[in-house]
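What the coordinates show
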Amino acid sequence: MFEEASLRPIFMQIADWVEDEIMKKNLKEGDQVPSTNQFALQFQINPATAGKGINLLVEEGILYKKRGIGMFVNEGAFNVIQTKRRRKFETDYITVLVEEAKKIGIDKSELIKMIKEAE
């Protein structure tokens, strides 16, 4: 699951994995997420690294902590992740796609046609 060769730090890969599980509805609002120790054991990483990824999601309002019990999926987490990922998609893909299309002379209608054909 976690790729040491990846350019993304392991703690971010953990956060991405939890987000993916929420987006796939494998984790739902109110569900408990694996503990940092469970992550550490399963993926042979330092618990502090796992904690950093989980705490990132707490800061974003995706997870919340029940003292002495663990971390849980927050209400509205799916929408928070979806909004965040839509913004990232627009910035990382759509903006770049449109700029490149302009550079090589592809107009809007041709670009839309290409997208529809790729579906």
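Here, every reference points to the structure presented above.
Here is what the cut-offs are and how they apply
Residues numbered from 1 in each chain as written. Predicted model: local features only at pLDDT ≥ 70, side-chain atom pairs only at ≥ 80, totals over all residues. Heavy atoms only, no water. Core = buried A, V, L, I, M, F, W, Y, C linked by side-chain atoms within 4.5 Å. Buried < 20%, exposed > 50% of the residue type's maximum accessible area, 1.4 Å probe, protein only. Helix = DSSP H or I, 4+ residues; strand = E, 2+ residues; numbered from the N terminus. Contact = heavy atoms within 4.5 Å. Salt bridge = Lys/Arg side-chain N within 4 Å of Asp/Glu carboxyl O. Axes fitted to C-alpha atoms, helices over the stretch in contact; angles between N-to-C directions. Parallel < 35°, antiparallel > 145°, perpendicular 65-115°, else oblique. Left-handed = near helix turned anticlockwise from the far one by under 90°. Pairing = 2+ DSSP bridges.

**Considerations on the nonpolar core**
- Ranked by size, the top nonpolar core spans 18 residues in total, and within it Val 18, Ile 22, Val 33, Ile 54, Ile 62, Leu 63 and Val 73 carry the most contacts.
- Taken together, the elements giving at least two residues each to this core come down to helix 1 (10-23), helix 2 (36-43), helix 3 (47-59), strand 2 (70-73) and helix 4 (77-103).
- Counting residues per element, this core draws most heavily on helix 1, at four residues.
- Residues in contact with Ile 22, not counting those within four places in the same chain, are Leu 27, Ile 62, Val 73, Ala 77, Phe 78 and Ile 81.

**Digging into unusual backbone geometry**
- Backbone geometry at Lys 25 places phi at a positive 65°, although glycine is not the residue there.
- Relative to the helices and strands, Lys 25 resides in the loop between helix 1 and helix 2.
- The phi dihedral of Gln 44 is positive, around 55°, even though this residue is not glycine.
- Topologically, Gln 44 is positioned in the loop between helix 2 and helix 3.
- Judged by relative accessible area, Gln 44 falls into the exposed class, the value being 72%.

**Some details on the pattern of salt bridges**
- If you walk through the whole model with that rule in mind, you get nine salt bridges.
- In this structure, Glu 19 and Lys 84 form a salt bridge, with 2.3 Å as the shortest nitrogen-oxygen distance. One end of the pair, Glu 19, is in helix 1; the other, Lys 84, is in helix 4, with 65 residues separating them in the sequence.
- Using a relative accessible area of 3% as the deciding quantity, one classes Glu 19 as buried.
- Overall, the relative accessible area of 29% leaves Lys 84 in the partly exposed class.
- Through salt bridges with shared partners, a single network forms among Glu 19, Asp 20, Glu 60, Lys 84 and Arg 85.

**As for the packing of helix 1 against helix 3**
- At their nearest, the axes of helix 1 and helix 3 sit 8 Å apart, and the two run at 50° to each other. As judged from the angle between their axes, helix 1 and helix 3 are oblique. Like other packed secondary-structure pairs, helix 1 and helix 3 cross with a definite hand, here right-handed. Seen from helix 1, the contacting residues are Ile 10, Phe 11, Ile 14, Ala 15, Val 18 and Glu 19; seen from helix 3, they are Thr 49, Ala 50, Lys 52, Gly 53, Ile 54, Leu 56 and Leu 57.

**Description of the pairing of strand 2**
- Here four bridges tie strand 1 (residues 63-66) to strand 2, and the two strands are oriented antiparallel to one another. Bridge pairing in strand 2 places Lys 65 opposite Met 71.
- The hairpin formed by strand 1 and strand 2 contains three residues between the paired strands, and Gly 68 there has a positive phi angle of roughly 80°.

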